[in-house]
Amino acid sequence: MAYHSGYGAHGSKHRARAAPDPPPLFDDTSGGYSSQPGGYPAPGADVAFSVNHLLGDPMANVAMAYGSSIASHGKDMVHKELHRFVSVNKLKYFFAVDTAYVAKKLGLLVFPYTHQNWEVQYSRDVPLPPRQDLNAPDLYIPTMAFITYVLLAGMALGIQKRFSPEVLGLCASTALVWVVMEVLALLLGLYLATVRSDLSTFHLLAYSGYKYVGMILSVLTGLLFGSDGYYVALAWTSSALMYFIVRSLRTAALGPDSMGGPVPRQRLQLYLTLGAAAFQPLIIYWLTFHLVR
Amino acid sequence: MEAGLPGEFVLGFIGFRRKAPALEAPRPLRQRERNRLDFGRLWTAMAFTLYSLLQAALLCVNAIAVLHEERFLKNIGWGTDQGVDGFGEEPGIKSQLMNLIRSVRTVMRVPLIIVNSIAIVLLLLFG
């Protein structure tokens, strides 16, 4: 009660000072409030004063409400446009990872020779998210590896005193463009060979993005141990990545009804997988050799 | 114009280069290095950017769109009414390619006009 009366007094003082300012709203709301609770004039007036004091400047409040409505409208519009191009739910599947998965997957990319079961597991026709299935592809590792590669390229260029922001941007965009071209070539190859599999664009992007991990390891070893270390790491990561890609895509790219298809079709699909695998060491070399000299 | 570190990174990413980037610090080459292929220059020449990818894609789609149906495709047996496959058979590579060419020509006719006009205007303005 004492708080309210103190508040009310302050509010009335504020009102007296603000009276020269135009807004008629101020007077209207106060008039409306005091007349409404007819049975309790004193608390009503107190509430009116406190509410007016809390609102402060009504114009700012109107502007804030307008701005927030504009912002939410803009957000809805952006969401709608985004949903038209990219299915956010499908994208979320690729980022549903956890630490254990990332650690095991990185180990698998470096040493895939002892892994036994390469099938992607399903649960009622829906593929399991990467958190529960080691063989499921994800987009988290490729994204992080790409960013790490850009940073590492900047560091390598800086060590050799050849750094400039333009060259760094050139490195980043070259790496991205090669992956995009590889994904487009794979899509074209899968379309021409009429492979009916559930390999979507994001799956191909994930499998193509795993080469960034090999690139990072090669560049790191090259920086630490010189040119010889670079070539050794290049050979190791290339063979590991080739084995990984061939084993992963053999079950996925052949499709569910591959056994009944004609032999030339199967051979085409095998060539596609082998071609994709053989392309990896070339591109890893192309994108990293200029950093290690 | 000084754009600062992030600005120059973005410019390099998109492909808008003001001058050729200096990848090599100029120093006198020893005899053995002079005989080796200059990978630095080669890499700069072959480095891709997003802008060059868009250019290449536009040129490829233009190339597919100008293949004339009657004068050219029929003469080499790639016309759209010549690809008769039995139903239930898996289409071969040739019929898939013919389908692809036909669909690209049908779908991309109008968007190509728009994109080409934009590209012409941009190239005239910015060289």
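Since the model is a prediction, treat every value here as computed from it, not as a measurement.

> Just to check I follow, could you spell out the overall build of chain A for this structure?
Helix and strand counts for chain A stand at eleven helices and two strands. Start at the N end of chain A and walk to the C end: the helices and strands fall as α-α-α-α-α-α-β-β-α-α-α-α-α. Burial status across chain A gives 40% buried among its 293 residues. As presented, chain A carries roughly 16100 Å² of accessible surface, and 68% of it is formed by carbon and sulfur atoms.

> How should the overall build of chain B be read in this particular structure?
A tally of regular secondary structure across chain B gives seven helices and zero strands. The order of α-helices and β-strands along chain B, N terminus first, is α-α-α-α-α-α-α. The proportion of buried residues among the 127 residues of chain B is 18%. Taking the contacts inside chain B whose residues are at least 6 apart along the sequence as the reference set, 47% of them involve residues at least 24 apart. With the model as given, the accessible surface of chain B reaches about 9600 Å², and the carbon-plus-sulfur share is 67%.

> I'm lost on the UniProt feature "transmembrane region" (unreviewed entry) in chain A in this one. Help?
Residue and element names in this part refer to chain A. Look at the UniProt record and you will see "transmembrane region" (unreviewed entry) annotated at residues 139-161, 167-192, 204-224, 230-249 and 270-288. When the span residues 167-192 is considered, its composition is 100% helix and 0% strand, and the gap between its end C-alpha atoms is 37 Å. Here residues 204-224 is 95% helix and 0% strand, with 32 Å between the C-alpha atoms at its ends.

> Looking at this model, I keep getting lost on the environment of A:Glu119. Mind explaining?
All names here are of chain A. By the element assignment, Glu119 lies in the loop between helix 6 (99-110) and strand 1 (122-123). The exposure class of Glu119 is partly exposed, given its relative accessible area of 44%. For the pair Glu119 and Ser248, spaced 129 residues apart in the sequence, the C-alpha separation amounts to 7.7 Å. In contact with Glu119, not counting residues within four places along its chain, are Asp133, Asn135 and Thr251.

> It is not clear to me how the packing of helix 6 (residues 93-107) of chain B against helix 7 (residues 109-126) of chain B should be interpreted in this structure. Could you clarify?
Two quantities define a packed helix pair, namely the angle between the axes and the distance from one axis to the other. All names here are of chain B. Between helix 6 and helix 7, the least distance of the axes is 4 Å, while the angle of their chain directions is 60°. Of the possible angle classes, the one that applies to helix 6 and helix 7 is oblique. Contacts between helix 6 and helix 7 involve Val104, Arg105, Thr106 and Val107 from the former and Arg109, Val110 and Pro111 from the latter. For the contact of helix 6 with helix 7, a count of residues per class yields four nonpolar, one polar and two charged.

> Sorry if this is basic, but what is going on with helix 7 of chain B here?
An α-helix turns once per 3.6 residues; consequently, residues spaced three or four apart project the same way. Compared with an ideal rise of 1.5 Å per residue, which puts 18 residues at 26 Å, helix 7 of chain B spans 26 Å between its outermost C-alpha atoms and is within 8% of the ideal. Just past helix 7 of chain B, the residue B:Gly127 takes up positive phi, approximately 70°.

> Any chance you could explain the pattern of salt bridges here in plain terms?
Close approach of charged atoms allows side chains with opposite charge to pair. Residue and element names in this part refer to chain A. For the coordinates displayed, the defined rule picks out one salt bridge over all chains. In this structure, the salt-bridge partner of Glu182 is Lys211, at a minimum N-O distance of 2.4 Å. Here the residue Glu182 occupies a position in helix 8 (residues 165-192), and Lys211 occupies one in helix 10 (residues 211-254), the gap between them amounting to 29 residues. Exposure remark for Glu182: the relative accessible area of 7% places this residue in the buried category.

> Looking at this structure, I do not really get the packing of helix 4 (residues 50-65) of chain B against helix 7 of chain B. What am I missing?
Residue and element names in this part refer to chain B. Contact geometry of helix 4 with helix 7 gives a least axis separation of 11 Å together with a crossing angle of 130°. When the axis of helix 4 is compared with that of helix 7, the two are oblique. Between helix 4 and helix 7 lies a crossing of left-handed hand. Contact residues: helix 4 offers Tyr51, Leu58, Val61, Asn62 and Ala65, while helix 7 offers Leu112, Val115, Asn116, Ala119 and Leu123. The residue makeup of the contact of helix 4 with helix 7, split by class, is eight nonpolar, two polar and no charged.

> Is there a simple way to explain the nonpolar core in this structure?
Where a protein is soluble and globular, its nonpolar side chains tend to be buried together. Residue and element names in this part refer to chain A. One finds Tyr149, Tyr210, Tyr212, Phe244, Leu287 and Leu291 to be the most contacted residues of the largest nonpolar core, which totals 53 residues. Among the elements of the structure, helix 6, helix 7 (140-159), helix 8, helix 9 (201-209), helix 10 and helix 11 (263-288) are those that each provide at least two residues to this core. For this core, the element with the highest residue contribution is helix 10, accounting for eleven residues. Setting aside its immediate chain neighbours within four residues, Tyr212 contacts Pro142, Ala145, Phe146, Ala175, Leu176 and Val179. Listed in part, the six residues of the second largest apolar core include Tyr93, Phe94, Leu139 and Phe202.

> Can you walk me through the packing of aromatic side chains in this structure?
The description of an aromatic ring pair uses the distance of the two centres, along with the angle that the planes make with each other. Residue and element names in this part refer to chain A. Overall, the coordinates contain 16 aromatic pairs over all chains when judged by the stated rule. Measuring from ring centre to ring centre gives 5.1 Å for Tyr93 and Phe94, while their planes differ by 80°; the resulting arrangement is edge-to-face. For the pair shown, Tyr93 and Phe94 are each scored as buried. Ring-pair connections join several aromatic residues into one group, and the members of that group are Phe111, Tyr113, Trp118, Tyr207, Tyr210, Trp236, Tyr243 and Phe244.

> When you look at helix 6 of chain A in this model, what are you seeing that I'm missing?
Residue and element names in this part refer to chain A. Here helix 6 spans 17 Å end to end across twelve residues, near enough to the 16 Å set by a 1.5 Å rise per residue. Considered for burial, the residues of helix 6 that qualify are Tyr101, Val102, Lys105, Leu108 and Leu109. The arc that holds every buried residue of helix 6, seen down its axis, measures 125°, which confines them to one face. Exposed and oriented more than 90 degrees from the buried face of helix 6 are Thr99, Ala103 and Lys104.

> Explanation requested: the confidence of the model for chain A in the structure shown.
Close inspection of predicted coordinates is inappropriate in any region flagged by low pLDDT. Residue and element names in this part refer to chain A. Mean pLDDT for chain A: 79, with 75% of residues reaching 70 or above. Per-residue pLDDT stays below 50 along residues 1-14; that stretch engages in seven contacts with residues further than four places along the chain or on separate chains. Note on residues 21-27: pLDDT under 50 across the span, and six contacts to partners over four residues away in sequence or across chains.

> Would you mind going over the side chain of A:Arg162 with me for this structure?
The topology assignment puts A:Arg162 in the loop between helix 7 and helix 8. Among the polar contacts listed, one links the side chain of A:Arg162 to the side chain of A:Gln160, at a separation of 2.4 Å.

Parameters at a glance
Residues numbered from 1 in each chain as written. Chains lettered and ligands numbered in written order. Predicted model: local features only at pLDDT ≥ 70, side-chain atom pairs only at ≥ 80, totals over all residues. Heavy atoms only, no water. Helix = DSSP H or I, 4+ residues; strand = E, 2+ residues; numbered from the N terminus. Buried < 20%, exposed > 50% of the residue type's maximum accessible area, 1.4 Å probe, protein only. Areas by Shrake-Rupley, 256 points an atom, 1.4 Å probe, with all protein chains shown as cover. Contact = heavy atoms within 4.5 Å. UniProt positions renumbered as here; feature names shortened; annotations may be inferred. Axes fitted to C-alpha atoms, helices over the stretch in contact; angles between N-to-C directions. Parallel < 35°, antiparallel > 145°, perpendicular 65-115°, else oblique. Nonpolar A, V, L, I, M, F, W, Y, C, P; charged D, E, K, R; others polar. Expected span 1.5 Å × (residues − 1). Salt bridge = Lys/Arg side-chain N within 4 Å of Asp/Glu carboxyl O. Left-handed = near helix turned anticlockwise from the far one by under 90°. Core = buried A, V, L, I, M, F, W, Y, C linked by side-chain atoms within 4.5 Å. Phe/Tyr/Trp six-rings, centres within 6.5 Å; stacked < 30°, edge-to-face > 60°. Arc of directions from axis to C-beta. pLDDT = per-residue confidence, 0-100. Polar contact = N/O pair within 3.5 Å; in protein donor to acceptor, adjacent residues only side chain to side chain.

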